[in-house]
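Residue-level listing of the chains:
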Amino acid sequence: GIDAVQQHERELAGVLFDRLSGITGLTVHSSPDRDRCTGVISVSSDLYTSDEVAALLNQHFHIDTRSGLHCAPGIHRRMGTLDRQGTVRISVGLHSTREEIDAVADALEQISQAVQA
């Protein structure tokens, strides 16, 4: 049922939030409150634009995300992500797995480590 789907998404989003929060050079712009979180996590990089992060995820790791201002330039101005062309949105859903969550987190960690090198 819908409650099980919502619980699945919240659990995976929580795991993703926890993994991404520990990556140097990456900022997570989503609520850490698992009761309030949705299946969408937004992130930004200290050195890459959102389009560049999304392109790296797609080209090198075959991970599709959405990048940009997401029809909300005002909120990005307030969050300080306007100059980075917004954020990268990563979503989880009914058919997402823990392995996929780990793959996304590992990929973003590799991207961030390459920047730091």
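The structure this text deals with has already been given above.
Here is a short report on the structure shown in this document. These numbers come from a predicted model, not from an experiment.

## Points about the sheet that holds strand β4 (residues 87-91)
1) Next: The sheet built from 4 strands is open, its strands ordered β1-β2-β4-β3 with antiparallel pairing. Of all the strands in the sheet, just β1 (26-28) and β3 (66-68) have a single pairing partner and so form its edges. Ignoring which end each strand starts from, the neighbouring axes of this sheet average 30° apart.
2) Next: Direction of pairing for β1 relative to strand β2 (residues 40-45): antiparallel, over a ladder of 3 bridges.

## Looking at the environment of Gln 6
1) Next: When you line up the elements, Gln 6 lands in helix α1 (residues 2-21).
2) Next: When its relative accessible area of 40% is taken as the criterion, Gln 6 is described as partly exposed.
3) Next: Each C-alpha atom of the pair Gln 6 and Gly 39 lies 8.2 Å from the other, and the pair is 33 residues apart in sequence.

Rules used in this analysis
- Residues numbered from 1 in each chain as written.
- Predicted model: local features only at pLDDT ≥ 70, side-chain atom pairs only at ≥ 80, totals over all residues.
- Heavy atoms only, no water.
- Pairing = 2+ DSSP bridges.
- Helix = DSSP H or I, 4+ residues; strand = E, 2+ residues; numbered from the N terminus.
- Axes fitted to C-alpha atoms, helices over the stretch in contact; angles between N-to-C directions.
- Buried < 20%, exposed > 50% of the residue type's maximum accessible area, 1.4 Å probe, protein only.

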